[in-house]
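Inside the fold
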Amino acid sequence: DGGITQSPKYLFRKEGQNVTLSCEQNLNHDAMYWYRQDPGQGLRLIYYSQIVNDFQKGDIAEGYSVSREKKESFPLTVTSAQKNPTAFYLCASSIGPAGYNEQFFGPGTRLTVL
Amino acid sequence: QKEVEQNSGPLSVPEGAIASLNCTYSDRGSQSFFWYRQYSGKSPELIMSIYSNGDKEDGRFTAQLNKASQYVSLLIRDSQPSDSATYLCAGPGSARQLTFGSGTQLTVLP
């Protein structure tokens, strides 16, 4: 079955730690995205990548980093510089550029800072 | 002004009624819009895409795009309790990325 997987489902981080969230897709999509969702809020774009080895900052990139070394994978690192990282993190992909193409989401990772 | 805005609700309708969800947008050049359904604690699921002016129907769902008035709507006919969820509208935003509304929470009362 084609789809997007994210791991882990739940993640707990201590103050000052960096953590990495995994996102893998087997849909052969070129574009991948990371969003953050806070309770009762919409989705805010953290980073996006339209092609391997290239990525762009979204609206709230500070305190986050990404890499896109393979078409299938787009991991997100939440660094200690992110002051309020507790949120629901969603990875998505689309066959082509966003704004024109449907995006599909993975199941999400819920990050909690202890 | 936000690029995509939703009437935030919450919205309650009785079972069997029509639920109407609305979204307005600021960019007159926008042509593609998407509706997602998000159950509590889950990720968004794409339920409708609309790329041209007018109506698009899929089962009990109808998406409507009115470019002159710059709004997009989603109608759910014969609403069921299983339709209770948050519905997110999305459309083109800055840097040609999708921008999402804040969502409308729908409750269908049995």
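Here's what I pulled together on the structure shown here.

The rules behind these values
Residues numbered from 1 in each chain as written. Chains lettered and ligands numbered in written order. Predicted model: local features only at pLDDT ≥ 70, side-chain atom pairs only at ≥ 80, totals over all residues. Heavy atoms only, no water. Helix = DSSP H or I, 4+ residues; strand = E, 2+ residues; numbered from the N terminus. Rg over C-alpha atoms; globule rule 2.2 N^0.38 Å. Buried < 20%, exposed > 50% of the residue type's maximum accessible area, 1.4 Å probe, protein only. Contact = heavy atoms within 4.5 Å. Areas by Shrake-Rupley, 256 points an atom, 1.4 Å probe, with all protein chains shown as cover. Lys, Arg positive; Asp, Glu negative; His and termini not counted. Charge placed at Lys NZ, Arg CZ, Asp CG, Glu CD. Phe/Tyr/Trp six-rings, centres within 6.5 Å; stacked < 30°, edge-to-face > 60°. Disulfide = S-S within 2.5 Å. Pairing = 2+ DSSP bridges. Axes fitted to C-alpha atoms, helices over the stretch in contact; angles between N-to-C directions.

1. Side note on the overall build of chain B
Helix and strand content of chain B: zero helices and eleven strands. In chain B, the succession of helices and strands from N to C terminus is β-β-β-β-β-β-β-β-β-β-β. At 13 Å, chain B has a C-alpha radius of gyration in line with the 13 Å of a compact globule built from 110 residues. By principal-axis analysis of the C-alpha atoms, chain B measures approximately 40 × 30 × 20 Å. Every one of the 110 residues in chain B was classed for burial, and the buried ones make up 45%. Long-range contacts, defined here as pairs at least 24 residues apart, represent 52% of the contacts in chain B between residues at least 6 apart. Of the accessible surface of chain B, which amounts to about 5,100 Å², a share of 46% is contributed by carbon and sulfur atoms. Chain B carries 9 positive and 10 negative side-chain charges, and their two centres are separated by 6 Å.

2. Focus on the packing of aromatic side chains
Residue and element names in this part refer to chain A. Per the counting criterion, the structure on display carries ten aromatic pairs over all chains. A ring pair is formed by Tyr47 and Phe55, whose centres lie 5.9 Å apart and whose planes are at 80°; its orientation type is edge-to-face. On the accessibility criterion, Tyr47 (8% relative accessible area) is buried. Taking the relative accessible area as the measure of exposure, Phe55 reaches 36% and is therefore partly exposed.

3. Topic: the state of the cysteines
All names here are of chain A. In total, this model carries two disulfides over all chains according to the counting rule given. Disulfide pairing is shown between Cys23 and Cys91; the S-S distance is 1.9 Å. Measuring the twist about the S-S bond at about -70°, one finds the Cys23-Cys91 disulfide to be left-handed. Taken together, the residues span a long stretch of sequence, with Cys23 in strand 3 (residues 19–25) and Cys91 in strand 9 (residues 87–94) at a distance of 68 residues. Like Cys91, Cys23 is buried.

4. A few points about the sheet that holds strand 1 (residues 4–7) of chain A
All names here are of chain A. Strand order in this open sheet of four strands is 1-3-8-7, and the pairing throughout is antiparallel. This sheet does not close on itself; its edge strands, each paired only once, are strand 1 and strand 7 (64–66). Averaged over all neighbouring strand pairs, the angle between strand axes comes to 20°, with direction disregarded. Pairing of strand 7 with strand 8 (residues 76–78) involves three bridges; the strand directions are antiparallel. In the sheet register, Ser65 faces strand 8, and the bridge partner there is Thr77.

5. Here we look at the sheet that holds strand 6 (residues 54–58) of chain B
All names here are of chain B. Pairing is antiparallel across the open sheet formed by five strands, whose spatial order is 1-3-8-7-6. Edge positions in the sheet fall to strand 1 (4–6) and strand 6, since each of these pairs with one other strand and no more. Averaged over all adjacent pairs, the angle separating strand axes in this sheet is 20°, with direction ignored. Where strand 7 (residues 61–66) and strand 8 (residues 71–76) come together, six bridges link them in antiparallel fashion. Note on strand 8: the bridge partner recorded for Gln64 is Ser73.

Purely geometric stuff here, so don't read any function into it on its own.
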